[in-house]
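Each chain is listed here by its residues.
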Amino acid sequence: MTGEPEQAVAAPDAAVPDPITPRAPTSETQPGSEASTAAPEPSEPANDTPRTIPMLPVVEVENLDWRAVRRSVDPRAIRSRMRDTVEAFEALLDRADGPGLLFDSDRANAADRAIQVCDLSPEVPVWIIGDLHGDLLALEAALALIDARPAELEHGPSRIIFLGDLFDDEGMGLEVLLRVFELILAAPERVCVVVGNHDEALSYDGNRFSSSVSPSDFADFLNANLAHEWIERAGKLAVRFFAQAPRALFLPDGLLVAHAGFPLSDLHARLAETSDWNDPACLSDFAWTRAHPTARRKMPNRFTRGSQFGHEDFAAFRELSTRLGRPVTHMVRGHDHVEERYIAYPAYREHPVLTTVALSRRLPRESFGPYVRVPTLARHVEGALPQVHRLHIPAEIVTAVFPEPVARGCGEDIGS
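Each chain has its residues counted from 1, following the order in which its sequence is written. Selection of residues for local features in this predicted model requires a pLDDT of at least 70, selection of side-chain atom pairs for listing and counting requires 80 or more, and totals for whole chains, interfaces and linings are taken over all residues. Only hydrogens and water are set aside when side-chain values are computed; all heavy atoms of the structure are taken into account.

A. Up close: the packing of aromatic side chains. Classification of ring pairs rests on two measures: the distance between centres of Phe, Tyr or Trp rings, Trp counted by its six-membered ring, which must be within 6.5 Å, and the angle between planes, read as stacked under 30 degrees, edge-to-face over 60 and tilted in between. Applying the stated criterion to the full structure yields 15 aromatic pairs. Seen from their ring centres, Tyr204 and Phe209 are 4.5 Å apart, and the 40° between their planes marks the pair as tilted. Relative accessibility decides the category of a residue: with a 1.4 Å probe and only protein chains considered, values under 20% of the type maximum give buried, values over 50% give exposed, and everything between is partly exposed. Given a relative accessible area of 25%, Tyr204 falls into the partly exposed group. One aromatic cluster in this structure is built from Phe250, Phe262, Trp277, Phe286, Phe309, Phe314, Phe317 and Tyr348.

B. Structural view of helix H10 (residues 280-288). Counting buried positions along H10 yields 7 of 9 residues, so the element is predominantly enclosed. Segments assigned H or I by DSSP are reported as helices when at least four residues long, segments assigned E as strands when at least two residues long, and all are numbered from the N terminus. Cys282, Leu283, Ser284, Asp285, Phe286, Ala287 and Trp288 are the residues of H10 that are buried. Under this definition, polar contacts are N or O atom pairs within 3.5 Å; protein pairs additionally need one hydrogen-donor-capable and one acceptor-capable atom, and for neighbouring residues in sequence, both atoms have to be side-chain atoms. In this structure Asp279 caps H10, since a side-chain oxygen of it lies 2.8 Å from the backbone nitrogen of Ala281.

C. Examining the pairing of strand S4 (residues 126-129) more closely. Covered by surrounding structure in S4 are Val126 and Ile128 together with Trp127 and Ile129, the residues of both alternating faces. Bridging between S4 and strand S5 (residues 159-162) involves 4 bridges; their strand directions are parallel. Bridge pairing links Ile129 to Phe162 in S5. Here, a strand pair is defined by DSSP locating no fewer than two bridges between the strands. Across 3 bridges, the pairing between S4 and strand S17 (residues 376-379) is antiparallel. Bridging from a neighbouring strand, Trp127 pairs with Arg379 of S17.

D. Geometry of the sheet that holds strand S2 (residues 59-61). Reading across the sheet, the 6 strands line up as S2-S18-S17-S4-S5-S6 and stay open at both edges, with mixed pairing between neighbours. Each having just a single partner strand, S2 and strand S6 (191-193) make up the two edges of the open sheet. Across this sheet, the average inter-strand angle for adjacent strands is 25°, counted without regard to direction. In the sheet, S5 pairs with S6 via 3 bridges, with the strands oriented parallel. Each bridged residue has a counterpart across the sheet, and for Ile161 the counterpart in S6 is Cys192. Contact definition: two residues touch when any of their heavy atoms are within 4.5 Å. Axis angles are defined between N-to-C directions and span 0 to 180 degrees, where every axis is a line fitted to C-alpha atoms and, for a helix, only to the segment in contact. Sheet strands in contact with helix H5 (residues 173-186) are S5 and S6, and its direction is about 140° off that of S6.

E. Molecular detail of the pairing of S17. Burial of the side chains of S17 extends over both faces: Thr376 and Ala378 are buried on one face and Leu377 and Arg379 on the other. Note: S17 against strand S18 (residues 387-391), 4 bridges, orientation antiparallel. Residue Leu377 lies in a different strand from S18, and its bridge partner there is His389.

F. Fine view of the pattern of salt bridges. Each salt bridge in this description consists of a side-chain nitrogen of Lys or Arg and a carboxyl oxygen of Asp or Glu lying within 4 Å of one another. Per the stated rule, a full pass over the model turns up 25 salt bridges. Here Arg341 makes a salt bridge to Glu366, at a shortest N to O gap of 2.8 Å. Here the residue Arg341 occupies a position in the loop between strand S14 (330-333) and strand S15 (342-344), and Glu366 occupies one in the loop between strand S16 (353-356) and S17, the gap between them amounting to 25 residues. With respect to burial, Arg341 and Glu366 carry one shared label: buried. Each of the salt bridges in this network shares a partner with another, and the network as a whole consists of Arg81, Glu140, Arg179 and Glu182.

G. Examining the sheet that holds S14 more closely. Read across the sheet, 6 strands follow the order S3-S10-S11-S14-S16-S15 without closing on themselves; strand pairing throughout is mixed. Lying at the two open borders of the sheet, with one neighbouring strand each, are strand S3 (114-116) and S15. Between one strand axis and the next, the sheet turns through 15° on average, direction left out of account. In the sheet, S14 pairs with S16 via 3 bridges, with the strands oriented parallel. Directly across from Met331, in S16, lies its bridge partner Val353.

H. Structural view of H5. Here, expected helix span is obtained from the residue count minus one, scaled by 1.5 Å. For H5, which comprises 14 residues, the first-to-last C-alpha distance of 20 Å matches the rise-based estimate of 20 Å (1.5 Å per residue) to within 8%. Three or more residues of H5 are buried, namely Gly173, Leu174, Glu175, Val176, Leu177, Leu178, Arg179, Val180, Phe181, Glu182, Leu183 and Ile184.

I. Just the side chain of Asp112, in detail. Its place among the elements puts Asp112 in the loop between helix H3 (82-94) and S3. Only four residue types enter the charge count, namely Lys and Arg as positive and Asp and Glu as negative; His and the chain termini do not. Lacking a salt bridge, the buried Asp112 has Arg326 as its closest oppositely charged neighbour, with an N-O distance of 4.9 Å. Within the structure, the side chain of Asp112 is placed 3.2 Å from the backbone nitrogen of Ala114, a separation counted as a polar contact. Contact partners of Asp112, with chain neighbours within four places excluded, come to Asp106, Arg107 and Asn278.

J. Unusual backbone geometry, seen in detail. Residue Pro215 follows Ser214 across a cis peptide bond; omega there is 5°. Relative to the helices and strands, Pro215 resides in the loop between strand S9 (213-214) and helix H7 (217-224). A positive phi is found at His133, a non-glycine position, where the angle reads about 45°. Of note, His133 is situated in the loop between S4 and helix H4 (136-147). Since its relative accessible area comes to 0%, His133 is described here as buried. With phi around 60°, Glu170 is a residue other than glycine that occupies positive phi space. Structurally, the position occupied by Glu170 is in the loop between S5 and H5. The exposure class of Glu170 is exposed, given its relative accessible area of 52%.

So far we have only geometry, and geometry alone does not tell us how the molecule works.
What follows is the structure in structure tokens.
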């Protein structure tokens, strides 16, 4: 199958700078507690001093009801509801006034994919869940953490932003897709899905599915099940949904939310002239570009959609975006599957960029490192970098849901 392979930020075992987000000295033992997630009181800056974006301690989540999380990972039950889910979601997208998802009311028009959010109440929690790639276990663990905070619900139920890449890389891509559909159906106004490159790459030509990215096993799965009406309809529904979902969110406190990056420097002159955030090239960069850990600038390479950016490229984009009425001071993204499942590179310290992904296992294309990983999600804190929460799912649960592959012919576990 044609298409560009995913590009890594660095060689899999290469040393990278330590994250600048400090870890909390103690674990979170009571998920409903507010003590570990409260933002520090900001100090008053001097009149000519730029606002510094604080980076809050990482919260180590160890004492969720992991047995309940394991029970909630039920692919058979999700598939048993598939017909009802697909029919209901088709009806939602068919609504004359639109599906009414989180931030849809902030769109400049129905075709707006780079949404400037006008208002965001700090009292209502907003959680950000990065790449899942079929990781139903990480998704259910994240939802368990979100639901375990009843003290926050007096201002309304928590809202959730997904950073895209729901499928591919094996796992349970169909089940994760259907589970996200279910969450949207339960409360559309609570959920926003920002499109990832794997989501955008999926297409349907009327006969078969294809993908312009590798790995593309979800498209292969859909093609192998074309005779199954509801699996085929779920795939077509995914293509339709992602075609109209946002590529970027500009939040009122200066946080840029995207799967990957932002329009690169070769697009800035045109963007400054047109102010067209929905230019297809801009939308593509939100979903495809990669963060370089240390580089100041990277030359855009339009022969690949995975072109990189450096910290001065982010500074140039922030300056342009601010001139165009969309102030940006910091960013949260997914896309890069770092071993710790989160990172904020020191080179971006002045205006930090947080990468967070929710992956509990080593993906097939990740050649090195432990098989069991600690997935992360982040909570939006106004004026700060979103606060990382690490979900310490017991290793035996991870390997029960996703058995570790065995190297063929040698009898040893991969990565042992």
